[in-house]
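Understanding the architecture of this molecule
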Amino acid sequence: MGTDLHELLRSLRVWDVELPSFDPATAPEDPLALFTRWFAEAVAAGQTEPHTMSLATADADGTPDVRVVMLHGADERGWAFATHADSRKGRELAVRPYAALNFYWPVQGRQVRVRGPVTAAPSAEGQADLHARSTGALAAALTGRQSQVLESAQELARASQEAWEQARREPDAPVPSWTLYHLRPQEVEFFQGDSGRRHVRLVYRREDEEWTRQLLWP
(Lines give C-alpha, C1' and ligand atoms only; values in the text may rest on other atoms or scores of the structure.)
Protein backbone atom coordinates (compact mmCIF):
# COMPACT_ATOMS: atom_id res chain seq x y z
CA MET A 1 0.00 0.00 0.00
CA GLY A 2 1.30 3.45 -0.92
CA THR A 3 1.82 6.33 1.45
CA ASP A 4 0.25 9.17 -0.54
CA LEU A 5 -2.30 10.65 1.86
CA HIS A 6 -4.78 11.88 -0.74
CA GLU A 7 -4.67 8.59 -2.64
CA LEU A 8 -5.29 6.68 0.58
CA LEU A 9 -8.19 8.93 1.50
CA ARG A 10 -9.85 8.47 -1.89
CA SER A 11 -9.51 4.70 -1.59
CA LEU A 12 -11.44 4.48 1.66
CA ARG A 13 -15.13 3.70 1.92
CA VAL A 14 -17.49 3.94 4.86
CA TRP A 15 -20.44 1.78 5.86
CA ASP A 16 -19.84 -1.03 3.40
CA VAL A 17 -21.84 -3.17 5.82
CA GLU A 18 -25.52 -3.52 6.55
CA LEU A 19 -26.50 -0.76 8.95
CA PRO A 20 -29.40 -0.86 11.41
CA SER A 21 -32.49 1.19 10.71
CA PHE A 22 -33.73 3.85 13.09
CA ASP A 23 -37.28 5.12 13.20
CA PRO A 24 -37.25 8.36 15.23
CA ALA A 25 -40.98 8.01 15.82
CA THR A 26 -40.16 5.14 18.20
CA ALA A 27 -37.59 7.13 20.18
CA PRO A 28 -38.26 7.57 23.91
CA GLU A 29 -39.00 10.98 25.41
CA ASP A 30 -35.72 11.07 27.35
CA PRO A 31 -32.40 10.99 25.43
CA LEU A 32 -30.69 9.02 28.21
CA ALA A 33 -32.99 6.07 27.54
CA LEU A 34 -32.12 6.10 23.84
CA PHE A 35 -28.42 6.51 24.59
CA THR A 36 -28.54 3.51 26.94
CA ARG A 37 -30.27 1.43 24.26
CA TRP A 38 -27.79 2.43 21.56
CA PHE A 39 -24.83 1.85 23.86
CA ALA A 40 -26.03 -1.68 24.66
CA GLU A 41 -26.51 -2.35 20.94
CA ALA A 42 -22.99 -1.09 20.19
CA VAL A 43 -21.58 -3.48 22.79
CA ALA A 44 -23.63 -6.38 21.38
CA ALA A 45 -22.44 -5.53 17.84
CA GLY A 46 -18.81 -5.86 18.94
CA GLN A 47 -17.89 -2.19 18.73
CA THR A 48 -14.35 -1.71 20.04
CA GLU A 49 -14.20 0.48 23.16
CA PRO A 50 -17.72 1.92 22.83
CA HIS A 51 -17.22 3.79 26.10
CA THR A 52 -14.57 6.09 24.63
CA MET A 53 -15.69 9.54 23.50
CA SER A 54 -14.27 12.79 22.21
CA LEU A 55 -14.40 15.60 24.78
CA ALA A 56 -14.25 19.17 23.47
CA THR A 57 -13.47 22.13 25.72
CA ALA A 58 -12.20 25.67 25.25
CA ASP A 59 -9.72 27.86 27.09
CA ALA A 60 -10.23 31.39 28.43
CA ASP A 61 -9.67 32.86 24.95
CA GLY A 62 -12.21 30.52 23.37
CA THR A 63 -9.58 28.38 21.62
CA PRO A 64 -11.05 24.87 21.27
CA ASP A 65 -9.39 21.63 22.28
CA VAL A 66 -10.46 18.01 21.92
CA ARG A 67 -9.26 14.62 23.12
CA VAL A 68 -10.57 11.08 23.65
CA VAL A 69 -11.58 10.12 27.18
CA MET A 70 -13.62 7.40 28.83
CA LEU A 71 -17.26 7.57 29.86
CA HIS A 72 -17.63 6.89 33.59
CA GLY A 73 -21.42 6.80 33.67
CA ALA A 74 -24.62 8.56 32.66
CA ASP A 75 -27.68 9.28 34.78
CA GLU A 76 -30.08 12.10 35.61
CA ARG A 77 -27.09 14.29 36.55
CA GLY A 78 -25.56 13.91 33.11
CA TRP A 79 -22.70 12.15 31.33
CA ALA A 80 -19.67 11.62 33.61
CA PHE A 81 -15.94 11.65 32.93
CA ALA A 82 -12.88 12.22 35.10
CA THR A 83 -9.48 13.86 34.97
CA HIS A 84 -7.00 15.80 37.09
CA ALA A 85 -8.28 19.27 37.98
CA ASP A 86 -4.85 20.67 37.08
CA SER A 87 -4.68 19.00 33.66
CA ARG A 88 -5.28 21.10 30.55
CA LYS A 89 -8.92 20.03 30.27
CA GLY A 90 -9.40 20.53 34.01
CA ARG A 91 -8.04 24.07 33.77
CA GLU A 92 -10.18 24.80 30.74
CA LEU A 93 -13.29 23.56 32.49
CA ALA A 94 -12.47 25.77 35.47
CA VAL A 95 -12.63 28.91 33.31
CA ARG A 96 -15.27 27.72 30.82
CA PRO A 97 -17.45 25.06 32.47
CA TYR A 98 -19.11 23.95 29.27
CA ALA A 99 -18.22 21.03 27.00
CA ALA A 100 -19.29 18.78 24.14
CA LEU A 101 -19.01 15.02 23.77
CA ASN A 102 -19.08 12.81 20.70
CA PHE A 103 -19.45 9.04 20.56
CA TYR A 104 -18.78 7.29 17.23
CA TRP A 105 -19.72 3.65 16.72
CA PRO A 106 -18.73 2.86 13.10
CA VAL A 107 -19.88 -0.78 13.16
CA GLN A 108 -23.42 0.60 13.18
CA GLY A 109 -22.83 3.95 11.52
CA ARG A 110 -23.95 5.80 14.64
CA GLN A 111 -22.91 8.94 16.45
CA VAL A 112 -24.20 10.57 19.62
CA ARG A 113 -23.37 14.22 20.33
CA VAL A 114 -23.93 15.82 23.73
CA ARG A 115 -23.52 19.49 24.75
CA GLY A 116 -24.06 21.27 28.04
CA PRO A 117 -22.63 22.81 31.21
CA VAL A 118 -20.16 20.87 33.32
CA THR A 119 -19.92 20.68 37.11
CA ALA A 120 -17.38 18.95 39.35
CA ALA A 121 -18.69 16.27 41.69
CA PRO A 122 -17.79 16.35 45.40
CA SER A 123 -14.24 15.14 46.05
CA ALA A 124 -15.43 12.03 47.89
CA GLU A 125 -17.43 10.95 44.85
CA GLY A 126 -14.44 11.42 42.58
CA GLN A 127 -12.19 9.38 44.87
CA ALA A 128 -14.79 6.61 45.11
CA ASP A 129 -15.04 6.52 41.32
CA LEU A 130 -11.25 6.26 41.00
CA HIS A 131 -10.91 3.50 43.57
CA ALA A 132 -13.64 1.46 41.89
CA ARG A 133 -11.48 1.27 38.76
CA SER A 134 -8.41 -0.86 38.00
CA THR A 135 -5.00 -0.80 39.66
CA GLY A 136 -3.62 0.62 36.43
CA ALA A 137 -6.09 3.50 36.51
CA LEU A 138 -5.05 4.33 40.06
CA ALA A 139 -1.37 4.09 39.14
CA ALA A 140 -1.88 6.47 36.23
CA ALA A 141 -3.70 8.93 38.48
CA LEU A 142 -0.97 8.69 41.11
CA THR A 143 1.68 9.38 38.48
CA GLY A 144 -0.07 12.72 37.95
CA ARG A 145 1.46 15.81 36.33
CA GLN A 146 -0.84 15.36 33.33
CA SER A 147 -0.17 17.82 30.48
CA GLN A 148 3.03 19.11 32.11
CA VAL A 149 6.33 19.08 30.24
CA LEU A 150 8.16 15.73 30.49
CA GLU A 151 11.96 15.97 30.50
CA SER A 152 12.65 12.37 29.51
CA ALA A 153 11.10 8.93 29.08
CA GLN A 154 13.24 7.74 31.99
CA GLU A 155 11.60 10.27 34.29
CA LEU A 156 8.17 8.91 33.35
CA ALA A 157 9.34 5.32 33.83
CA ARG A 158 10.57 6.05 37.37
CA ALA A 159 7.43 7.94 38.37
CA SER A 160 5.16 5.29 36.86
CA GLN A 161 6.99 2.45 38.61
CA GLU A 162 6.67 4.22 41.96
CA ALA A 163 2.98 4.87 41.30
CA TRP A 164 2.31 1.23 40.40
CA GLU A 165 4.01 0.07 43.60
CA GLN A 166 1.94 2.52 45.66
CA ALA A 167 -1.28 1.52 43.91
CA ARG A 168 -0.69 -2.15 44.72
CA ARG A 169 0.32 -1.32 48.29
CA GLU A 170 -2.41 1.25 48.93
CA PRO A 171 -5.47 0.50 46.76
CA ASP A 172 -7.34 3.35 48.49
CA ALA A 173 -4.54 5.91 48.11
CA PRO A 174 -6.08 9.37 47.64
CA VAL A 175 -5.37 11.51 44.58
CA PRO A 176 -6.60 14.99 45.57
CA SER A 177 -6.48 16.40 42.04
CA TRP A 178 -8.58 13.60 40.56
CA THR A 179 -12.02 14.99 39.77
CA LEU A 180 -15.24 13.50 38.48
CA TYR A 181 -17.24 15.80 36.20
CA HIS A 182 -20.86 15.70 35.10
CA LEU A 183 -21.98 17.20 31.80
CA ARG A 184 -25.67 18.06 32.12
CA PRO A 185 -26.99 17.96 28.57
CA GLN A 186 -28.86 20.84 27.01
CA GLU A 187 -28.77 19.13 23.63
CA VAL A 188 -28.30 15.49 22.57
CA GLU A 189 -28.20 14.43 18.92
CA PHE A 190 -28.50 10.88 17.61
CA PHE A 191 -27.13 10.22 14.12
CA GLN A 192 -27.92 7.01 12.22
CA GLY A 193 -25.90 6.63 9.05
CA ASP A 194 -27.46 5.31 5.85
CA SER A 195 -25.60 3.81 2.88
CA GLY A 196 -27.81 5.85 0.55
CA ARG A 197 -26.73 8.98 2.44
CA ARG A 198 -30.25 9.52 3.79
CA HIS A 199 -28.94 9.77 7.31
CA VAL A 200 -31.32 10.16 10.23
CA ARG A 201 -30.56 12.94 12.71
CA LEU A 202 -32.74 13.29 15.79
CA VAL A 203 -31.94 16.08 18.23
CA TYR A 204 -33.26 16.48 21.77
CA ARG A 205 -33.21 19.96 23.31
CA ARG A 206 -33.93 20.77 26.94
CA GLU A 207 -36.51 23.52 27.41
CA ASP A 208 -37.76 24.37 30.92
CA GLU A 209 -36.71 20.94 32.21
CA GLU A 210 -38.63 19.22 29.40
CA TRP A 211 -37.22 17.63 26.26
CA THR A 212 -38.29 18.58 22.75
CA ARG A 213 -37.39 16.54 19.68
CA GLN A 214 -36.70 17.55 16.09
CA LEU A 215 -35.33 15.99 12.95
CA LEU A 216 -32.41 17.64 11.18
CA TRP A 217 -31.40 17.53 7.53
CA PRO A 218 -28.34 15.31 7.12
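Quick caveat, the model's predicted, so the values are computed rather than measured. (Residues numbered from 1 in each chain as written. Predicted model: local features only at pLDDT ≥ 70, side-chain atom pairs only at ≥ 80, totals over all residues. Heavy atoms only, no water.)

Time to look at the overall build of the chain. Counting its secondary structure elements, the chain contains six helices and 10 strands. Across its three principal axes, the chain shows a C-alpha extent of roughly 55 × 55 × 40 Å. Each of the 218 residues in the chain was classed as buried or not, and the buried ones make up 37%. For the chain, restricting intrachain contacts to residue pairs at least 6 apart in sequence, the fraction spanning at least 24 positions comes to 64%. For the chain, the accessible area works out to roughly 12900 Å², and carbon and sulfur atoms hold 52% of it. Side chains of the chain give 24 positive and 31 negative charges; the mean places of these two sets differ by 3 Å. (Helix = DSSP H or I, 4+ residues; strand = E, 2+ residues; numbered from the N terminus. Buried < 20%, exposed > 50% of the residue type's maximum accessible area, 1.4 Å probe, protein only. Contact = heavy atoms within 4.5 Å. Areas by Shrake-Rupley, 256 points an atom, 1.4 Å probe, with all protein chains shown as cover. Lys, Arg positive; Asp, Glu negative; His and termini not counted. Charge placed at Lys NZ, Arg CZ, Asp CG, Glu CD.)

With that settled, consider empty space enclosed by the protein. Within the structure shown, the criterion is met by one cavity of 30 Å³ or more. There is about 30 Å³ of room inside the largest cavity. Elements supplying a minimum of two residues to the lining of the largest cavity: β6 (110-120) and β8 (187-192). For the lining of the largest cavity, the residue count by class is two nonpolar, no polar and four charged. (1 Å grid on protein atoms, 1.4 Å probe; cavity = no way out; pocket = protein on both sides within 12 Å on 5 of 7 lines; lining within 4 Å. Points joined across faces, edges and corners; volume = space filled by probe spheres on them. Nonpolar A, V, L, I, M, F, W, Y, C, P; charged D, E, K, R; others polar.)

Turning our eyes to something else, we now look at the pattern of salt bridges. Counting across every chain of the model gives 14 salt bridges. Close ionic contact of Arg113 with Glu189 constitutes a salt bridge, the shortest N to O distance being 3.0 Å. Here Arg113, found in strand β6, pairs with Glu189, found in strand β8; they are 76 residues apart in sequence, far enough to count as distant. In this structure, Glu209 and Arg184 form a salt bridge, with 2.6 Å as the shortest nitrogen-oxygen distance. Remark: Arg184 occurs in the loop between β7 (178-183) and β8 and Glu209 occurs in the loop between β9 (200-207) and β10 (210-216); sequence separation between them is 25 residues. Classification of Glu209 as exposed rests on a relative accessible area of 53%. Residue classification places Arg184 among the partly exposed positions, given a relative accessible area of 33%. (Salt bridge = Lys/Arg side-chain N within 4 Å of Asp/Glu carboxyl O.)

Next up on the list: the layout of surface pockets. Of the volumes computed, that of the largest pocket is approximately 500 Å³. Along the wall of the largest pocket there are 23 residues; nearest its centre are His84, Ala140, Gly144, Arg145 and Gln146. When contributions to the lining of the largest pocket are tallied by element, the ones reaching two or more residues are β2 (64-70), β4 (78-84), α5 (135-143) and α6 (153-169). Here the lining of the largest pocket takes four residues from α5, the largest share from any one element.

Enumeration according to the criterion identifies 11 aromatic pairs in this entry. Relative to Trp105, the ring of Phe103 has its centre 5.8 Å away and its plane inclined at 45°; by these criteria the two rings are tilted. With relative accessibility at 0%, the residue Trp105 sits in the buried group. Relative to Trp211, the ring of Tyr204 lies with its centre 6.4 Å away and its plane at 85°, an arrangement referred to as edge-to-face. (Phe/Tyr/Trp six-rings, centres within 6.5 Å; stacked < 30°, edge-to-face > 60°.)

On the surface, a cluster of negative charge is made up of Glu29, Asp30, Glu207, Asp208 and Glu210. Within the fold, Asp30 resides in the loop between α1 (5-11) and α2 (31-44). (Patch = residues over 30% accessible without salt bridge, like charges linked within 9 Å, V, L, I, M, F, W, Y side chains within 5 Å.)

The subject of this paragraph is the pairing of β8. Each regular strand shows side chains that alternate between the opposite faces of the sheet. Of all six residues in β8, six are buried; the element is thus mostly enclosed. Residues of β8 alternate between two faces, with Glu187, Glu189 and Phe191 on one and Val188, Phe190 and Gln192 on the opposite face, all of them buried. Here six bridges tie β6 to β8, and the two strands are oriented antiparallel to one another. Pairing of Val112 across the sheet is with Phe190, part of β8. Across six bridges, the pairing between β8 and β9 is antiparallel. (Pairing = 2+ DSSP bridges.)

A cluster of nonpolar side chains, namely Leu5, Leu9 and Leu12, defines an oily patch on the protein surface of about 330 Å² accessible area. With respect to the helices and strands, the residue Leu5 is situated in helix α1. Residue Leu5 is classed as exposed on the basis of its relative accessible area of 55%.

Scope: geometric values only; no functional claims are made or implied.
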